[in-house]
Amino acid sequence: MQIDVVSLFPPMFSVLTQYGISRRAHELGTWQLNCWDPRSFATDVHRTVDDRPFGGGPGMVLMAEPLAQCVEAARRSQQAGGCERTHVIALSASGVPLVDARVRALAAAAAGRTGLVLVCGRYEGIDQRFVEAFVDEEISIGDFVLSGGEIAAMALIDAVVRHLPGALKAESVQEESFADGRLDGPQFTRPETWRGRAVPAVLLSGNHGHIARWREEQALARTRRLRPDLLQEDVRSK
Ligand SMILES: C[S@@+](CC[C@H](N)C(=O)[O-])C[C@H]1O[C@@H](n2cnc3c(N)ncnc32)[C@H](O)[C@@H]1O
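The following refers to the structure shown. (Residues numbered from 1 in each chain as written. Predicted model: local features only at pLDDT ≥ 70, side-chain atom pairs only at ≥ 80, totals over all residues. Heavy atoms only, no water.)

Of regular secondary structure, the protein chain possesses 9 helices and 9 strands. Across its three principal directions, the C-alpha atoms of the protein chain cover 70 × 40 × 40 Å. Within the span of the protein chain, comprising 238 residues, buried residues form 39% of the whole. Taking contacts inside the protein chain between residues at least 6 apart in sequence as the whole, the part at least 24 apart equals 76%. (Helix = DSSP H or I, 4+ residues; strand = E, 2+ residues; numbered from the N terminus. Buried < 20%, exposed > 50% of the residue type's maximum accessible area, 1.4 Å probe, protein only. Contact = heavy atoms within 4.5 Å.)

Before going further, it helps to spend a moment on the site of the ligand. As a structural note, the neighbourhood of the ligand is formed by 19 residues, with Leu91, Gly121, Gly142, Phe144 and Leu146 the closest of them. In this structure, a nitrogen atom belonging to the ligand sits 3.3 Å away from a main-chain N or O atom of Ser92. Note that a nitrogen atom of the ligand is positioned 2.8 Å from one of the backbone N or O atoms of Phe144. Calculation on the ligand without its partners gives an accessible area of 580 Å², and the protein chains cover 81% of this total. Sorting the residues of the shell around the ligand by element identifies strand S5 (85–97) and strand S7 (137–140) as the ones contributing at least two each. The biggest single contributor to the shell around the ligand is S5, with 3 residues. Of the residues that constitute the shell around the ligand, the class distribution is 9 nonpolar, 8 polar and 2 charged. (Near = heavy atom within 4 Å. Polar contact = N/O pair within 3.5 Å; in protein donor to acceptor, adjacent residues only side chain to side chain. Areas by Shrake-Rupley, 256 points an atom, 1.4 Å probe, with all protein chains shown as cover. Nonpolar A, V, L, I, M, F, W, Y, C, P; charged D, E, K, R; others polar.)

This next bit is on the nonpolar core. In this structure, Phe13, Trp31, Leu118 and Ile157 are the most contacted members of the largest nonpolar core, which totals 28 residues. Elements that contribute at least two residues to this core include exactly strand S1 (2–6), S5, helix H4 (100–111), strand S6 (114–120) and helix H6 (150–161). No other element matches H6, which puts 8 residues into this core. (Core = buried A, V, L, I, M, F, W, Y, C linked by side-chain atoms within 4.5 Å.)

As enumerated under the stated definition, the model contains 9 salt bridges in all. Here Arg102 and Glu137 are joined by a salt bridge, their closest N and O atoms 2.6 Å apart. Remark: Glu137 occurs in strand S7 and Arg102 occurs in helix H4; sequence separation between them is 35 residues. A residue is classified by how much of its surface remains accessible, and Glu137, at 16% relative accessible area, is buried. When the shortest N-O distance is used, the salt bridge between Arg162 and Glu176 registers 2.1 Å. Residue Arg162 is found in the loop between H6 and helix H7 (170–174), and its partner Glu176 is found in the loop between H7 and strand S8 (193–194); the two are separated by 14 residues along the sequence. (Salt bridge = Lys/Arg side-chain N within 4 Å of Asp/Glu carboxyl O.)

Let us look at the packing of aromatic side chains. Considering all chains together, one arrives at 1 aromatic pair under this definition. Where Phe130 meets Phe134, the ring centres are 5.3 Å apart and the plane angle is 15°; that geometry is what we call stacked. Of the two residues, Phe130 and Phe134 are both situated in helix H5 (residues 128–134); the distance of 4 residues between them amounts to about one turn of the helix. Of the two residues examined, Phe130 and Phe134, each falls in the buried class. (Phe/Tyr/Trp six-rings, centres within 6.5 Å; stacked < 30°, edge-to-face > 60°.)

See the structure below:
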């Protein structure tokens, strides 16, 4: 799977290739990462990629042309790497909120030879004409405003990579929060008693049926308490 990122700050993405599951999967060749800096396609000596917004207002806006050239270069690179399609995502506070089902669908598409290109905005955002001409989908990682799309893109990549074949054991992603429309239950590890708090006795019982039932009840109770909307969605989708 090939992921290309368009960003003014490519070094930020080294976090993904240096730590944890995304690092291991990257080392195994499960996914590849290329970064494209719009400044490389700027035409003036100052390598300008932003300008003042038409109509006035605060801040600066990323210009369309350097972003377009980044996406075109990424697309050529993906085609050369064997991708049959390219799907362009812009990270945006006004995008569609990212959910687990979308993450899994993107991972499935990527495993099926669709290259992903993630465009990270900065400043006040991106010239809308670029969005209309190049972007297939705008994604938000939550109802708040970040300073740039990089952290959002990294969150998306990390979530997608977990679902690529071979990145994790299949049961790990099947038993996680959201996989079956509810949150994961509580987890415990050694010691059996920590600062006066004992591990629930059922987990020490060795009775796998009882443990499974207890975990199911706990997961449901937690979902009801923290994310009742998930259970309502579950009912709506049936
Ligand atoms: C300071 S923000 C621009 C905010 C924009 N003026 C607005 O009010 O929606 C700069 C960039 O950060 C990214 N960004 C900010 N919040 C985001 C979020 N919740 N999800 C994804 N990307 C976000 C986008 O790429 C955006 O272009």
